[in-house]
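Okay, here's what each chain looks like letter by letter:
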Amino acid sequence: MKLKLTTWIGKLSFGFVIICLITLLTSNSKAQENEQKERQFEITTYKIWAKIPDSYNRIDVRALLNIKTLFVESQNDLNIILCKDFIGVTPINIRISDEKESPLDFTQKDEIVTIKLPDKYYRKRIGKILVTYSLKNNKEYDTDQYSRFAFEVSDTLCHINAAITRTDNWYPKLAGHLNDRLPEFHLVLNVPSKFDVMASGKLRDVESNGTRKTYTWQNYPEITDRSLYFFVTEQKRIVKTYPDGFRIVMYIPEDAIEENLQYISDVIHKSFCFFESRFGKVAGNEYKIMAFPYGYSGLYRSMTAPMILFTAKIVNNDIYY
């Protein structure tokens, strides 16, 4: 009897293992199937407009996505992710349309926006989708310690800081593509005239129109970042150029000390020269740095640093390069 019971239990255990294996294989198969569906599309270029309204209570965004259909048999549903885990910030007034601003059908569940693509996208295998929305603080903003470091809209400072992971998703990304590098992009920022702007990429143009300015930034020709950032502040912009052509663009407070600026600039330049001597020449010859009330953040080819680094005497260990 004991032997039979042991055999019966053994069979049950073996059956349980088989069921677990089948479940695991099925779930893996479904995950791979979902990943394959998500990878049936690709964003080839972005053009993103962001506007700081005079009310300073939100950031208005228009994102034009050039979509390439990788497989003709793709499903008609395109899933994009918007503001996934962006604690303290919510996208509101979401609208989806084609490049002529004709509305497209879509549904939203949490951070997933599912767009019903017209058949023409499959015949041509390429199309444009315009996603329009506003970014606004929610009730979590004041209770989370990193919210202000990540995102702010005020009459003295507006920013989306790519040095904090949650902000990687403030602009639309394809589901399954969150960790991809950006393709070619244009980032256009419309702000009140009193502000200057430091943003992802290289500054291409500044237009003034009465009480407002429009800044156009484009990815550096040789590479793009994983994310998009911008800092809109009431600071002055200066450029320091070295004999080898290397430029350091500095966004600084009015009471910045010239000795500090030269010291910071020299440290950045010497650092680049050192790394290039060890690892080879790097494309591009520009670096940006901005005084920031919330401390250090490292960004692609740029950074922010505490205000005091620019306005008080620098002593040993005050600079952490």
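Values in this document were obtained by computation on a predicted structure and should not be read as measured data. (Residues numbered from 1 in each chain as written. Predicted model: local features only at pLDDT ≥ 70, side-chain atom pairs only at ≥ 80, totals over all residues. Heavy atoms only, no water.)

Asker: Honestly, the sheet that holds strand β17 (residues 247–252) in this entry has me stumped. Any pointers?
Answerer: Pairing between the strands of a sheet comes from backbone hydrogen bonds, and it takes one of two forms, parallel or antiparallel. Within the open sheet, the 5 strands sit side by side as β16-β17-β18-β20-β19. Their pairing is mixed. Both edges of this open sheet fall to β16 (236–241) and β19 (297–299), since each of them pairs with a single strand only. Strand-to-strand, the axes of this sheet are offset by a mean angle of 20°, without reference to chain direction. Pairing of β17 with strand β18 (residues 286–292) involves 5 bridges; the strand directions are parallel. Each residue of the ladder has a partner; that of M250, found in β18, is I289. Each of β16, β17 and β18 touches helix α4 (residues 258–279); the most contacted strand, β17, lies at about 140° to it. (Pairing = 2+ DSSP bridges. Helix = DSSP H or I, 4+ residues; strand = E, 2+ residues; numbered from the N terminus. Axes fitted to C-alpha atoms, helices over the stretch in contact; angles between N-to-C directions. Contact = heavy atoms within 4.5 Å.)

Asker: Honestly, the packing of aromatic side chains in this entry has me stumped. Any pointers?
Answerer: Two descriptors summarise a pair of aromatic rings, namely the distance from one centre to the other and the angle between the planes of the rings. Enumeration according to the criterion identifies 14 aromatic pairs in this entry. Ring geometry for F86 against F151: centres 5.9 Å apart, planes inclined by 90°, an arrangement best described as edge-to-face. Within this pair, whereas F86 is found in the loop between β3 (77–81) and β4 (89–98), its partner F151 is found in strand β8 (residues 151–153), the two being separated by 65 residues in sequence. For the residue pair F86 and F151, the accessibility class agrees, reading buried in each case. Measuring from ring centre to ring centre gives 5.5 Å for F274 and F275, while their planes differ by 80°; the resulting arrangement is edge-to-face. Relative accessible area serves as the criterion here: at 47%, F275 is assigned to the partly exposed category. Of the aromatic side chains, those joined through ring pairs into one cluster are F149, Y229, F231, F292 and Y294. Over the aromatic face of W49 sits the side chain of R62, whose NZ or CZ is 5.8 Å from the ring centroid. The ring of Y220 has R301 lying over it, and the distance from NZ or CZ to the ring centre is 4.8 Å. (Phe/Tyr/Trp six-rings, centres within 6.5 Å; stacked < 30°, edge-to-face > 60°. Buried < 20%, exposed > 50% of the residue type's maximum accessible area, 1.4 Å probe, protein only. Lys NZ or Arg CZ within 6 Å of the ring centre and 35° of its normal.)

Asker: Can you walk me through the pattern of salt bridges in this structure?
Answerer: Two side chains bearing opposite charge may form a pair once their charged atoms approach each other closely. For the structure shown, the criterion picks out 12 salt bridges. Between E101 and R62 there is a salt bridge whose closest N-O contact spans 3.2 Å. Highlighted residues: E101 in the loop between β4 and β5 (106–109) and R62 in strand β2 (residues 59–69), separated in sequence by 39 residues. Here the residues in one salt-bridge network are K202, R247 and E286, joined through shared partners. (Salt bridge = Lys/Arg side-chain N within 4 Å of Asp/Glu carboxyl O.)

Asker: Just to check I follow, could you spell out the sheet that holds strand β9 (residues 157–160) for this structure?
Answerer: Taken together, the 4 strands give an open sheet; going across it, the order is β8-β9-β15-β12, and neighbouring strands pair in antiparallel fashion. Both outer strands of the open sheet, β8 and β12 (196–199), are each paired with one neighbouring strand and no more. Taking each pair of neighbouring strands and ignoring which way they run, the sheet shows an average axis angle of 15°. Strand direction decides the pairing type here: β8 and β9, joined by 3 bridges, are antiparallel. When the sheet's bridge partners are listed, V153 is paired in β9 with C158.

Asker: What exactly am I supposed to notice about the side chain of E286 here?
Answerer: Within the fold, E286 resides in strand β18. Polar side-chain contacts of E286 include one of 2.7 Å to the side chain of Y220. Within polar-contact distance, the side chain of E286 engages the side chain of R247 at 3.0 Å. Apart from residues lying up to four places away in sequence, E286 is in contact with G201, K202, Y220, F246, R247, V249 and R301. (Polar contact = N/O pair within 3.5 Å; in protein donor to acceptor, adjacent residues only side chain to side chain.)

Asker: Help me understand the pairing of β9 in this model?
Answerer: Each regular strand displays side chains that alternate between the two surfaces of the sheet. Of the two faces of β9, the one carrying L157 and H159 and the one carrying C158 and I160 are both buried. Taken together, β8 and the strand that follows it, β9, pair antiparallel across an intervening segment of 3 residues. Here β9 runs beside strand β15 (residues 230–233); their pairing, made up of 4 bridges, is antiparallel. Paired with C158 across the strands is V232, a residue of β15.

Asker: Teacher, can you tell me more about the environment of M250 here?
Answerer: Relative to the helices and strands, M250 is located in strand β17. For M250, a relative accessible area of 0% translates into the label buried. The sequence separation of M250 and A291 amounts to 41 residues, and the corresponding C-alpha distance is 8.3 Å. Discounting chain neighbours no more than four positions away, the residues touching M250 are K236, R237, I238, K240, L261, I264, S265, I289 and F310.

Asker: Please explain the side chain of S134 as it appears in this structure.
Answerer: Among the secondary structure elements, S134 is positioned in strand β7 (residues 126–137). A residue is classified by how much of its surface remains accessible, and S134, at 7% relative accessible area, is buried. Polar contacts involving the side chain of S134 include one to the side chain of D60, which spans 2.6 Å. Every residue in contact with S134, bar those within four places of it in the chain, is listed here: R58, I59, D60, T90, P91 and I92.

Asker: Honestly, the nonpolar core in this entry has me stumped. Any pointers?
Answerer: Generally speaking, soluble globular proteins have nonpolar side chains that are buried together. The biggest cluster of nonpolar side chains holds 62 residues, and the ones touching the most others in it are I59, L135 and W170. Apart from the residues lying within four places of it in its own chain, the contact partners of W170 are I48, V61, L82, C83, F86, Y133, L135, I160, L187, L228 and F230. Counting 17 residues, the second largest nonpolar core, distinct from the first, contains F246, I252, M303 and A305. (Core = buried A, V, L, I, M, F, W, Y, C linked by side-chain atoms within 4.5 Å.)

Shape is all these values report; function is a separate question.
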